[in-house]
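Coordinate inspection notes
Next come the chains, spelled out residue by residue.
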Amino acid sequence: MHFPILTSLVALPVAGAILLLLVNGDEKKSAPLARNIALVVSLLVFAETLLLWSQFNVASGEFQFVERHAWIPAFGIEYFVGVDGISLLLLVLTGFLTPLALLGSWESVQKKTKAFCIVVLLLESAMMGVFISLDLFLFYVFWDAMLVPMYFLVGIWGYERRIYAAIKFMLYTMAGSVLMLVAILGLAYAHYSAHGVYSFDVLKLYQLELTPHQQLWSFLAFALAFAIKVPLFPFHTWLPDAHVEAPTAGSVILAGVMLKMGTYGLVRFAFPLFPQAAMFFAPALAILAVIGIIYGALVAMVQPDMKKLVAYSSVSHLGFVVLGIAAMNTQGVSGAVYQMLSHGISTGGLFLIVGMLSDRRHTRLISEFGGLKKGMPHLVAAFLIVTLASIGLPGLNGFVGEFLILLGAFRWDPRLAAFAATGVILSATYMLWMFQRVNYGPVTNEKNANLPDLKPREWAVIVPIIAVSILMGVLPNLFLRPIEPAVERMLTHFHQGAPTRIQADVSPQPPAPSLRNAGSTR
Amino acid sequence: MPPGVSLSDFYYILPELVLTGGALLVLIADVLLPKERRAALAWVTLLALGATAAALVPFANTHVEVAHGLLAVDRFSLFFKILFLLAAAITVLMSIRYLETEGAASPGEYYFLILCATLGMMIMAGGIDLITIMIGLETMAVSFYILAGYIKPNQRSNEAAVKYFLLGAFSLGILLYGMSLMYGLSGTTNLRVMASAFVGQEKDPRLMLAVILVVAGVGFKIAAVPFHMWAPDVYEGAPTPVTAFLSVGSKAASFAMLIRIFVEGMPSMSADWRLLFYVLSILTMTAGNIAAVTQSNVKRMLAYSSIAHAGYLLMGIVAGTARGITATLIYLMIYSFMQLGAFAVITLLRRKDVVGDELKDFSGLAFRNPFAAFAMLLFMLSLGGIPPTAGFMGKFWLFSAAIDAHYYGLAVIGVLNSAISLYYYVRIVVFMYLKKETSGSDPVITPALALVLGVTVMATLVLGVYPQLLFRVADVSARTLGVAGITAAIR
């Protein structure tokens with residue numbers, strides 16, 4: 001038996017959290033030790049994800065490193081984990097961002113540091129769990145369990161309106177995911193009707209023949225849960241609150257990893273499990289995504305608060321990801337996965353930089369800043385690179401994903417691509433405008449005159465971000481190579497399940513009459 | 001010896017006899033012991049409960065009817081008896097310091113009544129005859145009427161007792177009326193004989209009236225909406241350990257009675273009673289959760305939460321399948337642990353200078369007593385159904401039972417309710433972890449309370465990750481009822 005590396009990705013942060021419980025002493029004494037332990041553990045996890053990547057057979061689209069154990073046999077529930085190219089890179093992203101998030105909050109978190117470290121590690125463990133689960137029950141357990149540490153992260157270490165934001169975040173996400181639970185149970189039951197045993201195994205459920213009626217409702221339930229998480233317009237209202245109130249580490253993890261769980265869920269579960277329904281709803285999803293791209297960009301433009309601006313830019317950027325997925329062709333989906341990673345890096349970077357500025361000035365209002373370039377050339381240079389990456393400048397990470405997505409969308413329906421492309425222009429507008437107001441011009445506020453430039457810790461945070469950003473822009477194939485076989489495999493399966501591609505310009509056939517009485521309880 | 005009763009019948013009710021003996025022993029010891037040594041009575045009570053549990057061992061695989069069908073000794077009753085004994089033991093452990101703080105004069109009576117209530121519950125779970133069930137129900141109910149008003153100088157406690165007594169008596173009348181119709185229409189009080197007598201009479205309006213009346217009577221006991229009015233006041237006013245025992249033991253016993261009467265006694269009428277419970281289930285969980293959202297008193301909030309939980313539990317009954325009954329049993333066991341645990345934390349907060357049952361009393365608990373706060377956090381997450389806690393597993397089973405029986409709408413309403421409920425459970429967490437500490441002495445954990453919290457926390461965690469054993473036990477217990485037969489009828 002080989003070493004259960006995937007399980008260890010979940011277990012290691014938990015072990016670290018337990019180790020942290022043993023750290024005693026008052027805040028002054030325990031805090032540095034706790035921070036260092038958490039950092040070392042998260043770096044170990046990152047090293048493990050890199051090891052995983054190096055051992056991964058990138059030519060294969062199959063699930064690798066599979067572990068399978070019976071858990072609740074009476075219900076066919078298994079501990080079943082594995083990775084393909086899509087989840088592999090998301091694991092690496094999680095492993096990469098967690099230590100940076102810890103470093104980013106190194107000084108700004110000054111109370112209950114030990115608890116903070118525990119919560120971040122538990123969150124990392126749950127996120128890893130979400131990406132490796134191939135059993136729907138297991139997936140749901142991690143998916144929901146993740147809410148608790150995130151809730152505390154926002155609720156305890158957040159800014160002024162943190163309690164409101166934390167509760168809103170929790171209830172919003174919960175409301176979406178409980179319906180998914182019903183759909184999961186419905187699937188297990190459908191498997192029972194067809195084969196005489198319950199199963200939550202995704203690979204088996206992929207093969208399940210569902211009636212159009214079952215597909216429709218199950219897809220809606222799954223898509224709602226994921227759309228809230230993404231967040232897709234109009235389910236995005238929790239996001240600005242959660243982001244603005246969250247501490248830097250919370251924002252980085254939230255934007256960097258957790259939003260991807262929504263789009264990952266669409267790629268892994270909602271689309272391949274219910275291909276016909278997905279086909280039927282893909283145009284609607286795409287239109288919502290395009291609305292989100294433009295709406296998010298327009299709202300971002302008028303934000304006075306940098307953090308809120310970045311938060312709305314996430315709504316816009318994640319719209320691209322959903323558009324790419326909805327296109328359901330190789331370019332679109334590969335681009336979407338690439339954009340997930342890329343958005344994690346650049347938005348993570350933006351939140352880290354905004355965090356550095358707000359650590360210095362204790363405000364995030366754009367109007368409070370101006371002319372930072374003179375005092376902090378290094379920080380502003382880093383800020384510029386991350387900003388350009390976020391806009392999608394060729395040569396940096398953001399370009400590749402957006403380009404592929406637009407290509408995929410164009411092949412599907414040029415109109416969608418045309419509208420979405422305006423989002424690229426708008427993002428340049430709001431990002432550069434913000435950058436200009438913060439960094440250029442004369443120093444209008446005296447407090448900005450003598451701010452310290454990057455400290456060694458901050459160098460350690462920002463250099464990896466920039467390095468990966470350039471790497472992803474220059475060598476996209478390094479990342480696309482594991483993604484593509486997995487995407488191909490998914491698409492082949494998908495188009496087998498839904499042989500008739502419904503074009504956006506052809507109005508889809510109304511679903512079978514059985515849909516109409518679907519509302520009854522029996 | 002009366003005709004038809006033999007010595008072996010007494011053998012089969014050995015656990016009940018032991019418990020009765022124990023109860024009497026406590027009562028006598030209360031008189032004989034000098035005042036300052038009466039605290040030891042708690043341990044005598046625990047001993048009696050332990051001895052009863054030991055007396056259950058020989059009947060682990062028994063499946064007999066005692067005294068010509070007055071009582072059944074089977075796995076189903078065994079499951080509930082274990083639940084009652086556990087709940088009673090935890091309640092006793094919780095009560096020790098609480099009674100001292102309240103300055104209750106004679107704990108002997110209190111413990112005696114706890115044991116009597118347990119005895120009543122055990123008879124209810126075993127009863128397969130309307131007469132036996134009624135005797136068990138009354139033994140339990142009368143004990144609770146007194147227990148609810150046990151803190152005599154406290155007005156709220158008195159009010160609780162009077163309300164509970166009046167509404168209890170009223171609901172009993174309705175239940176008895178329904179039962180008398182059942183008897184009149186079948187000519188027997190034995191549920192299993194009755195079941196066959198009712199076959200073919202499904203359309204008889206008198207029988208339907210009986211079903212409606214019994215559903216209403218049982219509805220009172222499990223605090224289902226719209227028969228729940230008594231519950232919030234009684235839960236709030238009664239001494240906290242009594243509230244805990246009432247919300248767990250009495251509810252579980254009433255569910256046992258419900259399953260016996262409807263599943264064993266009226267399987268042919270299942271279309272009717274399942275429809276009624278379907279409506280009750282939706283009303284109960286929705287109204288319970290919505291009312292709980294606005295409460296500021298934690299005991300009252302947990303009362304509404306307990307009402308809502310009756311709604312979830314009814315989902316298993318509505319499903320009517322073996323899986324449904326199993327899910328109800330599983331959830332009752334899990335619910336007992338988390339509910340008792342939550343009340344144990346409230347008991348912990350009761351100090352000389354603090355009543356400890358308001359939301360604000362939980363402020364900053366995480367900093368004054370991290371373990372108690374963590375335990376409460378766990379119970380709240382579990383009640384709200386967040387994995388990896390036992391509450392999630394239990395709800396998962398209930399929802400799956402509903403879907404298994406094609407009640408998708410019910411399952412959807414159930415999950416939405418559990419999302420709503422999260423709001424008020426999390427509110428306690430907000431106070432414990434996110435708010436500043438309040439004045440008053442620090443809450444101290446006594447060894448007895450530590451034991452209670454330890455057991456309930458472990459159960460909530462372990463059953464959340466490894467529910468397999470509980471599932472198997474509950475499954476076997478449910479199947480002794482012969483529910484499989486009904487399942488076939490429904491499908």
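Residues numbered from 1 in each chain as written. Chains lettered and ligands numbered in written order. Predicted model: local features only at pLDDT ≥ 70, side-chain atom pairs only at ≥ 80, totals over all residues. Heavy atoms only, no water.

**Considerations on the overall build of chain A**
Basically, it comes down to this: Labels follow the DSSP assignment, with helices taken as runs of H or I lasting at least four residues and strands as runs of E lasting at least two, numbered in each case from the N terminus. Radius of gyration here uses only the C-alpha atoms, and the compact-globule reference equals 2.2 Å multiplied by the residue count raised to the power 0.38. Exposed residues in this analysis have more than 50% of their type's maximum accessible area, buried residues have under 20%, and partly exposed residues fall in between, with area computed by a 1.4 Å probe over protein chains only.
Helix and strand counts for chain A come out as 20 helices and two strands. Against the globule reference of 24 Å for 522 residues, chain A gives a C-alpha radius of gyration of 22 Å, in line with a compact fold. Projected onto its principal axes, the C-alpha coordinates of chain A cover approximately 70 × 55 × 45 Å. A total of 522 residues make up chain A; the buried ones form 66% of that total.

**With respect to the overall build of chain B**
Selection criterion: Contacts were defined at the residue level, with two residues in contact if any of their heavy atoms lie within 4.5 Å. All accessibility values rest on the Shrake-Rupley procedure with a 1.4 Å probe; residue burial counts only the protein chains present in the view. Under the convention used here, Asp and Glu are negative, Lys and Arg are positive, and both His and the chain ends fall outside the count. Just so you know, the charge point we use is NZ for Lys, CZ for Arg, CG for Asp and CD for Glu.
Across its full length, chain B carries 21 helices and two strands. Dimensions of chain B along its principal axes, counting C-alpha atoms only, are 65 × 55 × 40 Å. Residues classed as buried in chain B amount to 66% of the 491 residues present. Across chain B, contacts joining residues at least 24 apart in sequence account for 81% of those joining residues at least 6 apart. As displayed, chain B offers around 15800 Å² of accessible surface, 71% of which is attributable to carbon and sulfur atoms. Averaging the positions of the 31 positive and the 26 negative side-chain charges in chain B gives two centres separated by 5 Å.

**Re the pairing of strand β1 (residues 64–72) of chain A**
Residues and elements named next belong to chain A. So the rule is basically this: Two strands pair if DSSP finds at least two bridges between them.
In terms of strand pairing, β1 meets strand β2 (residues 77–83) through six bridges, oriented antiparallel. When the sheet's bridge partners are listed, Glu67 is paired in β2 with Val81. Hairpin connection from β1 to β2: four residues lie between these consecutive antiparallel strands, with Gly76 at a positive phi of about 65°.

**Here we look at the interface of chain A and chain B**
Formally: When two components associate, each loses some accessible surface as probed by a 1.4 Å sphere; the sum of these losses over both components is called the buried area. For this document, the term salt bridge refers to a Lys or Arg side-chain nitrogen within 4 Å of an Asp or Glu carboxyl oxygen. Two N or O atoms count as a polar contact when they lie within 3.5 Å, although within protein this holds only if one can serve as hydrogen donor and the other as acceptor, and sequence-adjacent residues are included solely when both atoms are side-chain atoms.
At the junction of the two partners, chain A supplies 34 residues and chain B supplies 41 residues. The contact between chain A and chain B buries some 3400 Å² in all, and 79% of this surface belongs to carbon and sulfur atoms. Linking chain A with chain B are zero salt bridges. Inspection of the region where chain A meets chain B yields four residue pairs in polar contact (both at pLDDT 80 or more). Put simply, the parts of the chain that give the side of chain A that touches chain B at least two residues each are β1, α5 (136–145), α6 (147–157) and α7 (162–195) of chain A.

**Description of unusual backbone geometry**
Cis rather than trans, the peptide bond between A:Val230 and A:Pro231 has omega equal to -5°. Of note, A:Pro231 is situated in the loop between α9 (212–229) and α10 (238–245). With phi around 55°, A:His362 is a residue other than glycine that occupies positive phi space. Inspection of the secondary structure assignment puts A:His362 in the loop between α14 (330–361) and α15 (372–375). Not every positive phi belongs to a glycine, and B:His406 is a case in point at roughly 70°.

**Remarks on helix α4 (residues 75–102) of chain B**
Rules: Expected helix span is computed as 1.5 Å times (number of residues minus one).
Along its 28 residues, α4(B) runs 39 Å from first to last C-alpha, staying within 8% of the 40 Å computed at 1.5 Å per residue. Counting buried positions over the 28 residues of α4(B) gives 22, a clear majority of the element.

**Topic: helix α13 (residues 306–327) of chain A**
Residues and elements named next belong to chain A. Between its terminal C-alpha atoms α13 stretches 32 Å, which fits the 32 Å expected from 22 residues at 1.5 Å a residue. Across the 22 residues that make up α13, a large majority, 21, are buried. Between the side-chain oxygen at the start of α13 and the backbone nitrogen of Lys307 there is a gap of 2.7 Å, and the oxygen is on Asp305. With its phi angle positive at about 55°, Met328 sits one or two positions after the end of α13.

**Considering the packing of α13(A) against α14(A)**
Residue and element names in this part refer to chain A. This is how it is decided: Here an angle of 0 to 180 degrees is reported between the N-to-C directions of two axes, which are lines fitted to C-alpha atoms, with helices fitted over the stretch in contact. Geometric relationships in this document are graded by angle, where less than 35 degrees denotes roughly parallel, more than 145 denotes roughly antiparallel, 65 to 115 denotes roughly perpendicular, and other angles denote oblique. Basically, the charged four are Asp, Glu, Lys and Arg, the nonpolar ten are Ala, Val, Leu, Ile, Met, Phe, Trp, Tyr, Cys and Pro, and anything else, Gly included, counts as polar.
One way to put it is that α13 packs onto α14 with a least axis distance of 8 Å and a crossing angle of 175°. One finds that α13 runs roughly antiparallel with respect to α14. Between α13 and α14, the contacting residues are Met306, Lys307, Val310, Ala311, Ser314, His317, Leu318, Phe320, Val321, Gly324 and Ile325 on the first element and Gly332, Val333, Ala336, Gln339, Met340, His343, Thr347, Leu350, Phe351, Val354 and Leu357 on the second. Here the contact of α13 with α14 is composed, by residue class, of 14 nonpolar, seven polar and one charged.

**Some details on a nonpolar patch on the surface**
Residue and element names in this part refer to chain B. Condition: Patches draw on residues past 30% relative accessible area with no salt bridge. Two like charges within 9 Å are joined, as are two nonpolar side chains (Val, Leu, Ile, Met, Phe, Trp, Tyr) within 5 Å.
Taken together, Met458, Leu461, Val462, Val465, Tyr466, Leu469 and Val473 make up a surface patch of nonpolar side chains, about 600 Å² in accessible area. For the nonpolar patch, the secondary-structure elements that each account for two or more residues are α19 (447–465) and α20 (468–479). Looking at the nonpolar patch element by element, the count peaks at four residues for α19. Turning to its location among the elements, Leu461 is positioned in helix α19.

**Digging into the packing of aromatic side chains**
Geometrically, a pair of aromatic rings is defined through the distance of the ring centres and the angle of the planes. Put simply, the test is: Aromatic rings from Phe, Tyr and Trp, taking only the six-membered ring of Trp, are treated as a pair when their centres fall within 6.5 Å; an angle between ring planes under 30 degrees marks them as stacked, one over 60 as edge-to-face, and anything in between as tilted. In this scheme, Lys NZ or Arg CZ marks a charge over a ring once it lies within 6 Å of the ring centre and within 35 degrees of the ring normal.
Applying the stated criterion across every chain yields a total of 59 aromatic pairs over all chains. A ring pair is formed by A:Phe46 and A:Phe96, whose centres lie 5.7 Å apart and whose planes are at 55°; its orientation type is tilted. Taken as a pair, A:Phe46 in helix α2 (residues 27–55) and A:Phe96 in helix α3 (residues 85–104) lie far apart in primary sequence, 50 residues in all. Seen in terms of ring centroids, A:Phe137 and A:Phe200 are 6.0 Å apart; in terms of plane orientation they differ by 65°. Their pairing is edge-to-face. On the criterion of sequence distance, the pair formed by A:Phe137 in helix α5 and A:Phe200 in the loop between α7 and α8 (202–206) is long-range, its members being 63 residues apart. Pairwise contacts between aromatic rings join A:Trp71, A:Phe75, A:Phe137, A:Tyr140, A:Tyr189, A:Tyr192, A:Tyr198, A:Phe200, B:Phe392, B:Phe396, B:Trp397 and B:Phe471 into one cluster. A cation over a ring is seen here: A:Lys229 above A:Trp143, with NZ or CZ 4.6 Å from the ring centre. Positioned over the ring face of A:Tyr159 is A:Arg364, at 4.6 Å from the centre of the ring.

**Overview of the confidence of the model for chain A**
This is how the line gets drawn: For every residue, the predictor states its confidence as a pLDDT score lying anywhere from 0 to 100.
Chain-level statistics for chain A give a pLDDT mean of 85 and a share of 95% at 70 or above. Looking across chain A, the model is least confident in α15(A), with a mean pLDDT of 80, and most confident in α5(A), with 91.

**Focus: the packing of helix α5 (residues 107–126) of chain B against helix α11 (residues 240–264) of chain B**
All names here are of chain B. Going by this rule: In this scheme the handedness of a crossing depends on how the near helix is turned from the far one: anticlockwise by less than a right angle means left-handed, clockwise means right-handed.
At a minimum axis separation of 8 Å, α5 and α11 run at an interaxial angle of 20°. Classified by the angle between their axes, α5 and α11 sit roughly parallel to one another. Viewed along their axes, α5 and α11 form a crossing whose handedness is left-handed. For the pair formed by α5 and α11, the contact residues are Tyr110, Ile114, Ala117, Thr118, Met121, Met124, Ala125 and Gly126 on the first element and Pro241, Val242, Phe245, Gly249, Ser250, Ala253, Ser254, Ala256, Met257 and Arg260 on the second. Split by residue class, the contact of α5 with α11 holds twelve nonpolar, five polar and one charged.

**What about the nonpolar core?**
Our working definition: For our purposes a nonpolar core is just a set of buried Ala, Val, Leu, Ile, Met, Phe, Trp, Tyr and Cys residues, chained together by side-chain atoms within 4.5 Å.
With 409 residues, the main nonpolar core has A:Leu136, A:Phe222, B:Phe262 and B:Phe362 as its most contacted residues. If one sorts the elements of this core by residue count, helix α14 (residues 322–349) of chain B sits on top with 19 residues.

**Quick notes on the side chain of B:Thr456**
Residue and element names in this part refer to chain B. Within the element layout of this structure, Thr456 appears in helix α19. The class of Thr456 is buried, set by a relative accessible area of 0%. Apart from the residues within four sequence positions on either side, Thr456 is in contact with Ile90, Phe337, Gly341 and Phe379.

**Observations concerning the pairing of β2(A)**
Counting buried positions along β2(A) yields seven of seven residues, so the element is predominantly enclosed. Burial along β2(A) is two-sided: A:Ile77, A:Tyr79, A:Val81 and A:Val83 facing one way and A:Glu78, A:Phe80 and A:Gly82 facing the other are all buried.

**Overview of the pattern of salt bridges**
When their charged atoms lie close together, side chains carrying opposite charge are able to pair. All told, the structure shown has 27 salt bridges over all chains when counted by the stated rule. Between A:Arg68 and A:Glu78 there is a salt bridge, with the nearest N and O atoms lying 2.9 Å from each other. Of this pair, A:Arg68 sits in strand β1 while A:Glu78 sits in strand β2, and the two are ten residues apart along the sequence. On the accessibility criterion, A:Arg68 (38% relative accessible area) is partly exposed. Where B:Glu65 meets B:Arg192, a salt bridge forms, and the shortest distance between an N and an O atom there is 2.6 Å. In this pair, B:Glu65 is assigned in strand β1 (residues 64–66) and B:Arg192 in helix α8 (residues 191–198), connecting sequence segments 127 residues apart. For B:Glu65, a relative accessible area of 41% gives the class partly exposed. For B:Arg192, a relative accessible area of 24% puts it in the partly exposed group. Beyond isolated ion pairs, a larger network of salt bridges with shared partners links B:Arg156, B:Glu159, B:Lys163, B:Asp233, B:Glu236, B:Arg300 and B:Asp357.

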